[in-house]
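Coordinate inspection notes
The lines below spell out each chain.
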2 protein chains.
Amino acid sequence: MRTAILELLKRNGGEYISGEELSRNLNVSRTAVWKHIRALKQAGYDIEAHSRLGYALRQNTDRLLPDEIRVQLTSTILGQEIHYFSEVDSTNTEAKKLAANGCPEGTIVVAEAQSTGRGRLSRGWFSPFGQGIWLSVVLRPPFGPMDAAKCTLMAAVGVNRAINAVTGIGCGIKWPNDILWNNRKVVGILTEMSAEMDVINYVVIGMGINVSIEEFPDEFAASAVSLSVAAGRSISRVKLLTTILAELENAYILVKKSGFAPVLAAWRQESITLGQQVKVQGFERSFTGLAVDIDADGALLVKTSQGVERVVAGDVSIRPAGSL
Amino acid sequence: MRTAILELLKRNGGEYISGEELSRNLNVSRTAVWKHIRALKQAGYDIEAHSRLGYALRQNTDRLLPDEIRVQLTSTILGQEIHYFSEVDSTNTEAKKLAANGCPEGTIVVAEAQSTGRGRLSRGWFSPFGQGIWLSVVLRPPFGPMDAAKCTLMAAVGVNRAINAVTGIGCGIKWPNDILWNNRKVVGILTEMSAEMDVINYVVIGMGINVSIEEFPDEFAASAVSLSVAAGRSISRVKLLTTILAELENAYILVKKSGFAPVLAAWRQESITLGQQVKVQGFERSFTGLAVDIDADGALLVKTSQGVERVVAGDVSIRPAGSL
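Numbering of residues begins from 1 in every chain and follows the order in which that chain's sequence is written. Here every chain gets a letter starting at A, and every ligand a number starting at 1, in the order they are written. pLDDT decides what is reported in this predicted model: residues at 70 or higher carry local features, side-chain atom pairs at 80 or more are listed and counted, and totals for whole chains, interfaces and linings draw on all residues regardless.

The next point concerns the overall build of chain A. Helix and strand counts for chain A come out as 10 helices and 14 strands. Radius of gyration here uses only the C-alpha atoms, and the compact-globule reference equals 2.2 Å multiplied by the residue count raised to the power 0.38. For 324 residues, the compact-globule formula gives about 20 Å, and the C-alpha radius of gyration of chain A, at 22 Å, lands near that figure. By principal-axis analysis of the C-alpha atoms, chain A measures approximately 80 × 40 × 30 Å. Partly exposed residues are those whose C-beta has more than 12 but fewer than 20 other C-beta atoms within 10 Å; with 20 or more the residue is buried, with 12 or fewer it is exposed, and the C-beta atoms are placed from the backbone. Across the 324 residues in chain A, those meeting the buried criterion constitute 45%. Throughout, a residue-residue contact means that the two C-beta atoms, derived from backbone geometry, are no farther apart than 7 Å. Excluding contacts between residues fewer than 6 apart, the proportion of contacts in chain A whose partners are at least 24 apart in sequence is 62%. Each helix corresponds to a stretch of at least 4 residues labelled H or I by DSSP, and each strand to a stretch of at least 2 residues labelled E; elements are numbered beginning at the N terminus.

Written out as structure tokens, the structure reads:
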């Protein structure tokens, strides 16, 4: 009923519709209409109520509200349970709490803003209100902790496909899981997990997607860009989010059915790291070389003058052409 | 001062010592003595107070109280921070909470009883009051999640050594990390971790050690035994606990210095699985074969008629001789 009222308000294009008309159309009491309107307002919809004219939905609502997501949702596991926040410390932190308390696989946490958004290696992530998608997805994969790195590559493949499908801007994946456009970051992915020795309890795949940020703080200004800037048009966040859930689910189902090989092959196809000179900044040492491949475990293979190095951790930056 | 008072009470062998004597010996006021006595009682010590005779420490106090542990502690990382519970749901659950909130490496959680003790594969663990060591240790190792399995073997080596050093009963390790005596379980270890793709945030090594349980519930009766029964004498829980912390710390320091190879070699030495016919109960299938070795990742290698299988998960039981 709530969805039906919302649909009528939307169809009315921001014009007022009377409580009487809503009540007649949907065959419910005026009191019921009023209660549902109140619930919609509490859920974040900007609905104007006028004693004589009735109700009007403000068209400037561009929020990642659960009801909006559900309308466009095509995935059948991911996004069945949605936790929405106007602001949260970090969607990953929230999702880990939910996962530890037994939330179902596919549960998502989405926020308009993060107060302490995090990237890999404890770095900060700029997450201003309404200008990005700050999203975490809980999976309970039947893998072991040794598959964690491959899970991350799987996530990158799903997200990269969704970004390219919705925006058409031609992004690629930087090892392990950043999505870049023109060598600037449009998406960062932070995969965290809780596991026993041989069984993963849960994986949380967190994503920060720069959708319409016009100005980044100094520390990110040179390395980050927004999808709307890259595409030269506005991007629907709800459409992008639901497409990400669908593509991530496709990749996940494929892995569960056929193992990681097809997804790793896709990763190679969509990678912008392979074939490039890279600088590897490890925890203990750094070196440069040619990124030649990933192996079956998801490690990056870098050819140096000493041989082929296997990189499983740390930071890999692509060196500008000719800067050996 | 609290420790000094406790020492005097202990030296007095359960006999009363007057508040005046304590106050004179330690050169503090009677009020100070009284306050420290109260603190000791709150910490779990069974101290009798008599208006005329003074104070006496009951000698039947056999608790894993932090003050008792600290007196015998030789490790320098493990056990510097001790969280003691008379009863807790699960020491691992408590340790994971502490770790997520940033507790220092080496923090331990110890309880006299667990209400919902857990073993591997979500099995229950019988944890009655005062008759075992229910212990969890928080590590923050500089490893990746791919090293998780090896961490578990490392823990088994440390604990097995401590058990044998204190009891002399000659236990061995069943893959991956149960400690067995006469084919019956004296210790179970449950290693859990929180990690990003390439960095472990923390590892919690949980141990359930059957010290003096006389009667097990039916489900454990055939497969479990207590150290005191095996040794034919009572075992000091505090001595065993502090020895475990010391040996676990030794193994950990060795791994950080020299990698996992020496610890895996020790594991092979102390294993009772290798060279045995085993039944492997995997998530999807089960098979039998000869356990021939572990590989560099800690996986068990089992030779079957089809070739050598690599076992990273599931349950491995040793088959009685001649039961092919």
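As a general point, the strands of a sheet are linked pairwise by backbone hydrogen bonds and lie either parallel or antiparallel. Residues and elements named next belong to chain A. The 5 strands are arranged β13-β12-β11-β10-β14 in an open sheet whose pairing can be described as antiparallel. Among the strands making up the open sheet, the edge pair consists of β13 (307-311) and β14 (315-318). The average undirected angle you get between the axes of adjacent strands in this sheet is 45°. As defined by bridge partners, strand β10 (residues 277-281) adjoins strand β11 (residues 286-294) across 5 bridges and the pair is classed as antiparallel. From the neighbouring strand, V278 faces β11, where its bridge partner is G289. DSSP calls a pair of strands paired once it identifies at least 2 bridges connecting them. To obtain an axis, a line is fitted to C-alpha atoms, over the contacting stretch when the element is a helix, and the angle between two such axes runs from 0 to 180 degrees between their N-to-C directions.

A word on the domain arrangement of chain A. Here the limits of each domain have been adopted from an automatic or database domain assignment. Taken domain by domain, chain A comprises domain 1 (2-57), domain 2 (66-270) and domain 3 (277-318). A C-alpha centroid distance of 34 Å is found between domain 1 of chain A and domain 2 of chain A.

In many analyses, interface size is given as the accessible surface area lost on bringing the parts together. With 22 residues of chain B at the contact, the number on the chain A side is 22 residues. When contributions to the side of chain B that touches chain A are tallied by element, the ones reaching two or more residues are α6 (148-167) and β8 (184-196) of chain B. A total of 7 residues in the side of chain B that touches chain A trace back to one element, the largest contributor, which is β8(B). Classification convention: Asp, Glu, Lys, Arg as charged; Ala, Val, Leu, Ile, Met, Phe, Trp, Tyr, Cys, Pro as nonpolar; all other residues, Gly among them, as polar. Classifying every residue of the side of chain B that touches chain A gives 14 nonpolar, 4 polar and 4 charged. Where strand β8 (residues 184-196) of chain A meets β8(B), 5 bridges bridge the pair, whose relative direction is antiparallel. Looking at β8(B), one finds that A195(A) is bridged to M193(B).

Residues below a pLDDT of 70 in either copy are left out; the C-alpha atoms of the rest, at least 70 in both, set the least-squares superposition of the copies. The two copies are related by a screw operation: chain B maps onto chain A through 179° of rotation and 0.1 Å of translation along the axis, at an RMSD of 0.2 Å. Accordingly, the operation relating the two chain copies is best matched by a two-fold axis. When the interface residues of chain B are mapped onto chain A, 100% of them again lie at the interface, so the same face is used by both copies.

As a further point, take the confidence of the model for chain A. In low-pLDDT segments, the atomic positions of the prediction should not be examined closely. Chain-level pLDDT for chain A is 91 on average; 97% of the residues reach the 70-or-more range. The ipTM assigned to the predicted complex is 0.74, against a pTM of 0.80. Per-residue confidence from the predictor is reported as pLDDT, a score between 0 and 100.

On to the sheet that holds strand β13 (residues 307-311) of chain B. Residue and element names in this part refer to chain B. The 5 strands are arranged β13-β12-β11-β10-β14 in an open sheet whose pairing can be described as antiparallel. The sheet is open, and its two borders are formed by β13 and β14 (315-318), each paired with just one other strand. Taking each pair of neighbouring strands and ignoring which way they run, the sheet shows an average axis angle of 45°.

A word on the packing of α6(B) against helix α9 (residues 237-258) of chain B. The relative placement of two packed helices is expressed as an angle between their axes plus a distance between the axes. Residue and element names in this part refer to chain B. Viewed as axis vectors pointing N to C, α6 and α9 meet at an angle of 140°, and their least axial separation amounts to 8 Å. With respect to α9, the axis of α6 lies oblique. Pair α6 / α9 crosses with right-handed handedness. Where α6 approaches α9, its residues M154, A155, V157, G158, V159, R161, A162, A165 and V166 are matched on the opposing element by K239, L240, T243, I244, E247, L248, N250, A251, Y252 and V255. Of the residues in the contact of α6 with α9, the class split is 13 nonpolar, 3 polar and 3 charged. Working rule for angles: under 35 degrees goes down as roughly parallel, over 145 as roughly antiparallel, 65 to 115 as roughly perpendicular, anything else as oblique. A crossing counts as left-handed when the near helix is turned anticlockwise from the far one by less than a right angle, and as right-handed when that turn is clockwise.

This part covers helix α5 (residues 91-100) of chain B. Residue and element names in this part refer to chain B. Regarding α5, the residues found buried are T91, N92, E94, A95, K96 and A99. Residues of α5 that are buried in the fold lie against β3 (82-88), β4 (108-114), β5 (132-139), β8 and β9 (200-210). One or two positions beyond α5, positive phi appears at G102, with a value near 90°.

So, about the nonpolar core. We call a set of buried Ala, Val, Leu, Ile, Met, Phe, Trp, Tyr and Cys residues a nonpolar core when their C-beta atoms link them within 7 Å. Within the largest apolar cluster, 180 residues are counted, with the highest numbers of intra-cluster contacts made by V159(A), V186(A), V263(A), V159(B), V186(B) and V263(B). Among residues more than four places away in sequence, those in contact with V263(A) are L153(A), M154(A), V157(A), A251(A), L254(A) and V255(A).

The subject of this paragraph is helix α6 (residues 148-167) of chain A. To estimate the expected span of a helix, count its residues, drop one, and scale the result by 1.5 Å. With 20 residues, α6(A) ought to run about 28 Å at 1.5 Å a step, and its terminal C-alpha atoms sit 29 Å apart, in line with that. Phi for G168(A), located one or two positions after α6(A), is positive at around 65°.

What follows covers the pairing of strand β1 (residues 47-50) of chain B. Residues and elements named next belong to chain B. Across 4 bridges, β1 lies against strand β2 (residues 54-57) in antiparallel orientation. In the strand pairing of β2, A49 is matched with Y55. Counting the residues in the hairpin turn of β1 and β2 gives 3 residues.

Both trends apply: most residues other than glycine have a negative phi, and most peptide bonds are in trans. All names here are of chain A. Cis geometry marks the peptide bond from W175 to P176; its omega dihedral reads -5°. Tracing the sequence through the fold places P176 in the loop between β6 (172-174) and β7 (178-181). Of note in this structure, N27 is not a glycine but carries a positive phi near 60°. Following the sequence through the fold, N27 ends up in the loop between α2 (19-26) and α3 (30-42).

Residue and element names in this part refer to chain B. Note on placement: A261 falls in helix α10 (residues 261-270). The exposure class assigned to A261 is exposed, which follows from the 12 C-beta atoms found within 10 Å. C-alpha separation for the pair A261 and L180, spaced 81 residues apart in sequence, amounts to 23 Å.

Residues and elements named next belong to chain B. Among the secondary structure elements, I200 is positioned in strand β9. According to the C-beta neighbour criterion, I200 is buried, with 22 such atoms within 10 Å. Along the sequence, I200 and G119 sit 81 residues apart, while their C-alpha atoms lie 21 Å from each other. Sequence-distant contacts of I200, that is, excluding residues within four places in its chain, are made with P141, F143, G144, P145, M193 and A195.

All right, on to the environment of P145(B) then. Within the secondary structure layout, P145(B) lies in the loop between β5 and α6. Among the residues examined, P145(B) registers 28 C-beta atoms within 10 Å and is labelled buried. Once the C-alpha coordinates of P145(B) and K97(B) are considered, the two residues, 48 residues apart in sequence, prove to be 19 Å apart. In contact with P145(B), not counting residues within four places along its chain, are P145(A), A148(A), A195(A), M193(B), A195(B) and I200(B).

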